[in-house]
Amino acid sequence: QRIGQGGMAEVYLAVHERLHRQVAIKVLRHELATSTNLQRFLQEARASAALVHPNIVQVYDIGQHDELNYIAQEYVAGVNLKEHLQKTPRHRLGLRETLSILLQVTAALQQSSLTG
């Protein structure tokens, strides 16, 4: 089931057969699978896999099936920030919720700066 897309990839909800759990599979778009884009895609996967933090999704696997390159990562149910904002009055968050989100993002960024 397709659940999203980004600049270089489409994301699907799947079941990891060996782990018996839902995962998000990020698939590099075939038309963008140039050598340079593939290296960037793999670099993203490796950088994410090096980070362990509750506010950063975990990477479980990277690979290739036929000619499709993919990243299998933790699936987090719910809505993303953009979707959440669209549901709020005037597309604005309250102060407490804004601070809560900022603290979570800051903690994840701090972890990435310590690891990277």
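Only a predicted model underlies this, so the values are computations on that prediction, with no experimental measurement involved.

Undergrad: Give a detailed account of the side chain of Thr 88, specifying residues and quantitative values.
TA: Structurally, the position occupied by Thr 88 is in the loop between helix H2 (81-87) and helix H3 (95-115). Only 2.8 Å separates the side chain of Thr 88 from the backbone oxygen of Leu 85, close enough to count as a polar contact. Within polar-contact distance, the side chain of Thr 88 engages the backbone nitrogen of Arg 92 at 3.2 Å.

Undergrad: Run through the environment of Lys 26, naming residues and quoting values.
TA: Structurally, the position occupied by Lys 26 is in strand S3 (residues 21-28). Apart from residues no more than four positions distant in its own chain, Lys 26 is found in contact with Ala 9, Glu 10, Val 11, Phe 41, Glu 44, Asn 69, Tyr 70, Ile 71 and Gln 73. For Lys 26, the side chain forms a polar contact with the side chain of Glu 44, separated by 2.7 Å.

Undergrad: Any chance you could break down the sheet that holds strand S2 (residues 9-16) for me, citing the residues and the numbers?
TA: Within a beta sheet, neighbouring strands are joined by backbone hydrogen bonds and run either parallel or antiparallel to one another. The strand order across the open sheet built from five strands is S1-S2-S3-S5-S4, with neighbouring strands paired in antiparallel fashion. Each end of this open sheet is capped by a strand with a single partner; those strands are strand S1 (2-5) and strand S4 (59-65). Averaged over all pairs of adjacent strands, the angle between strand axes in this sheet comes to 25 degrees, irrespective of strand direction. As paired strands, S3 and strand S5 (residues 68-74) are joined by five bridges and run antiparallel to one another.

The rules behind these values
Residues numbered from 1 in each chain as written. Predicted model: local features only at pLDDT ≥ 70, side-chain atom pairs only at ≥ 80, totals over all residues. Heavy atoms only, no water. Helix = DSSP H or I, 4+ residues; strand = E, 2+ residues; numbered from the N terminus. Polar contact = N/O pair within 3.5 Å; in protein donor to acceptor, adjacent residues only side chain to side chain. Contact = heavy atoms within 4.5 Å. Pairing = 2+ DSSP bridges. Axes fitted to C-alpha atoms, helices over the stretch in contact; angles between N-to-C directions.

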